[in-house]
Amino acid sequence: MEETIAGTEAAQIPKQRGESLLETAVRYAEERHWDVFPGTWLEAVDGSQRCSCGDAACPAPGSHPARPDWATQATGSATVARRMWQKQPTASILLPTGRTFDAISVAETAGFLALARMERMELTLGPVTLTPDRRMEFFVLPGAAAKVPDLVRKLGWSVSSLDLTVLGEGAYVAAPPTRFGSRGAVQWACRPTPANRWLPDAEELISPLAYACGRDR
């Protein structure tokens, strides 16, 4: 797994430098054919960064949908994406799940343990994000939300006993380089490459992920 980071320090994860949010959002739509939509953004208020939603206690400042109809706003058109980010160049980049991919979300510690195990198993990964709130999100083929609970049970676990969630239809992930307030930016633990354009099925990854989550409890 050439693009996998087998360490525990965020500094080890490759960053996207010198690329604007607009350019990145357009590239996701153009090169990966991912639907994208602009979320909230950060605004300077009294010397601190506040979410554009206006909630001073926002739990996800600058990294959540800006409007309730976000699902209908999401687009796979690079032209439309460019137009949306031209209106608000600092808007976060959000990707709806349940369309071209689902995402399996686990705690960062379990995620790095799973990555090391997957490397030993020589599994082929799709992209994996690392978020500032210490979560890792493994991109898999759509449909994972429906099948993961049964797959986990067959391994002897229950989903409720593990810190493992599946983001499918009606959910979204924040994409690099979106920022979570002052906590930092989303980064790639396993960045998108031509080699991982074809995503794995959840069934291929669930064993090492469930094992890692079990160890991490």
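Located above this text is the structure these notes cover.
Residues numbered from 1 in each chain as written. Predicted model: local features only at pLDDT ≥ 70, side-chain atom pairs only at ≥ 80, totals over all residues. Heavy atoms only, no water.

*Asks:* Teacher, can you tell me more about the sheet that holds strand E9 (residues 172-174) here?
*Replies:* The strands making up a sheet associate through backbone hydrogen bonding, with each pair oriented either parallel or antiparallel. The 3 strands are arranged E1-E4-E9 in an open sheet whose pairing can be described as antiparallel. Sheet topology places strand E1 (37-38) and E9 at the edges, where each strand pairs with a single neighbour. Direction of pairing for strand E4 (residues 93-96) relative to E9: antiparallel, over a ladder of 3 bridges. Across the sheet, the residue bridging to Leu95 is Val173, located in E9. (Pairing = 2+ DSSP bridges. Helix = DSSP H or I, 4+ residues; strand = E, 2+ residues; numbered from the N terminus.)

*Asks:* Any chance you could explain the nonpolar core here in plain terms?
*Replies:* General note: in soluble globular proteins, nonpolar side chains tend to be found buried as a group. Within the largest apolar cluster, 29 residues are counted, with the highest numbers of intra-cluster contacts made by Ile104, Val106, Met136, Phe138, Leu164 and Leu209. Of all the secondary-structure elements, those providing two or more residues to this core are strand E5 (102-107), helix H4 (108-121), strand E6 (128-130), strand E7 (135-140), helix H5 (144-154), strand E10 (187-190) and helix H6 (202-215). The residues contacting Phe138, other than those within four sequence positions of it, are Asp102, Ala103, Ile104, Val106, Gly111, Leu115, Met118, Leu125, Pro127, Val128, Leu205 and Leu209. One finds Leu21, Met84, Phe101 and Phe139 within the second-largest nonpolar core, a separate group that totals 24 residues. (Core = buried A, V, L, I, M, F, W, Y, C linked by side-chain atoms within 4.5 Å. Buried < 20%, exposed > 50% of the residue type's maximum accessible area, 1.4 Å probe, protein only. Contact = heavy atoms within 4.5 Å.)

*Asks:* Sorry if this is basic, but what is going on with the environment of Gly98 here?
*Replies:* Looking at the element boundaries, Gly98 is found in the loop between E4 and E5. Taking the C-alpha atoms as reference, Gly98 lies 14 Å from Gly76; in sequence the two are 22 residues apart. Once residues lying within four places of it in the same chain are set aside, the contact partners of Gly98 are Gly168 and Glu169.

*Asks:* I keep staring at the sheet that holds E7 and nothing clicks. Help me out?
*Replies:* In space, the 5 strands of this open sheet follow the order E8-E5-E7-E6-E10, with antiparallel pairing throughout. Looking along the sheet, the strands with just one partner apiece sit at the ends: strand E8 (164-167) and E10. Averaged over all pairs of adjacent strands, the angle between strand axes in this sheet comes to 30°, irrespective of strand direction. With 3 bridges joining them, E6 and E7 adopt antiparallel strand pairing. (Axes fitted to C-alpha atoms, helices over the stretch in contact; angles between N-to-C directions.)

Keep in mind that these numbers describe shape and distance, not what the molecule does.
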